[in-house]
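Summary of the model geometry
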Amino acid sequence: LYAQDWPNFNRFRKDNYQIGMPSENENRIVFMGNSITESWLDIYPEFFDGKPYINRGISGQTTPQMLVRFRADVIDLEPKAVVILAGTNDIAGNTGPSTVKMIADNIFSMAELAKEHNILVIISSILPVYEYTWIERELDPVPIISRLNAIIKNYTLKHGHTYLDYYSAMVDDRSGLMPSYTPDGVHPNRDG
């Protein structure tokens with residue numbers, strides 16, 4: 001079944017239909033991402049309560065999956081802005097090997113689609129990760145995350161988007177996520 005709906009279009013199809021178009025003065029914002037975005041609904045639900053915020057995070061997703069569903073889960077909802085938080089699962093290899101360029105290109109393609117549809121673009125830095133505990137192969141994500149964040153920041157500044165720097169606020173002395181902000185070194189807790 002996963003192979004038949006690789007980008008997981010069915011996850012939000014019904015919700016997207018029920019939400020409908022924004023009202024005239026609604027400042028709708030869509031949060032596009034993976035488990036880090038998705039978990040905001042469980043860990044910090046009041047952040048979304050009573051606000052025109054739509055969470056479109058899907059656990060485990062990589063940037064190619066997000067790019068494929070971007071039109072259905074962001075553009076078709078006609079938000080004023082989109083917050084994109086993506087890339088960590090690509091580095092971990094969740095859907096196969098990805099180069100830094102591939103990850104950056106997918107994020108930039110989402111930004112360009114949004115801009116083309118007059119949606120303000122906010123691109124988040126990739127959160128610090130010292131190690132992915134669920135993968136068994138040798139991987140040092142620290143330099144990859146650092147390189148990607150530099151590329152993302154440069155792109156956002158060059159194209160007039162907003163760079164949301166979670167990394168600097170959450171990194172510890174070994175370039176991982178501060179222990180007080182995470183239960184597992186990858187996903188933020190409520191404090192994070």
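The structure contained in this document is the topic of the report that follows. What you are looking at is a predicted structure, and each value in this text was computed from that prediction instead of being measured.

Calculation criteria
- Residues numbered from 1 in each chain as written.
- Predicted model: local features only at pLDDT ≥ 70, side-chain atom pairs only at ≥ 80, totals over all residues.
- Heavy atoms only, no water.
- Helix = DSSP H or I, 4+ residues; strand = E, 2+ residues; numbered from the N terminus.
- Buried < 20%, exposed > 50% of the residue type's maximum accessible area, 1.4 Å probe, protein only.
- Contact = heavy atoms within 4.5 Å.
- Salt bridge = Lys/Arg side-chain N within 4 Å of Asp/Glu carboxyl O.
- Pairing = 2+ DSSP bridges.
- Right-handed = clockwise from strand over helix to strand, strands pointing away.
- Core = buried A, V, L, I, M, F, W, Y, C linked by side-chain atoms within 4.5 Å.

A word on the side chain of D90
Within the element layout of this structure, D90 appears in helix α5 (residues 88-92). Accessibility expressed as a relative area gives 3% for D90, which makes it buried. Every residue in contact with D90, bar those within four places of it in the chain, is listed here: T62, T63, P64, G96, S98 and I103.

Some remarks on the pattern of salt bridges
Using the criterion set out here, one finds five salt bridges in the structure. Here R11 ties to E38 by a salt bridge, and the two come within 2.4 Å at their closest N and O atoms. Of this pair, R11 sits in the segment before α1 (13-19) while E38 sits in helix α2 (residues 35-38); the two residues are 27 residues apart in sequence, bridging distant segments of the chain. Of the charged contacts in the structure, one is a salt bridge between K101 and D105, with a shortest N-O distance of 2.6 Å. Residue K101 and its partner D105 are located together in helix α6 (residues 100-116), separated by four residues, close to a single helical turn.

Observations regarding the pairing of strand β4 (residues 120-124)
In terms of strand pairing, strand β3 (residues 81-85) meets β4 through four bridges, oriented parallel. Bridge pairing in β4 links A81 to L120. In terms of strand pairing, β4 meets strand β5 (residues 162-164) through three bridges, oriented parallel. Bridging across to β5, S124 finds its partner in L164. Where the polypeptide runs from β4 across helix α7 (residues 141-159) and back to β5, its parallel neighbour, the crossover connection is right-handed.

Some remarks on the nonpolar core
Residues F70, V82, I107 and Y132 are the most contacted members of the largest nonpolar core, which totals 35 residues. Going through the elements one at a time, β1 (29-33), α4 (63-73), β3, α5, α6, β4 and α7 are the ones with two or more residues in this core. In terms of residues, this core owes the most to one element, α6, which gives eight residues. Once residues within four sequence positions are removed from consideration, V82 is found in contact with V30, M32, F70, V74, A114, I119, L120, V121 and I122. By size, the runner-up hydrophobic cluster in this structure holds six residues, among which are I36, L127, Y166 and L177.

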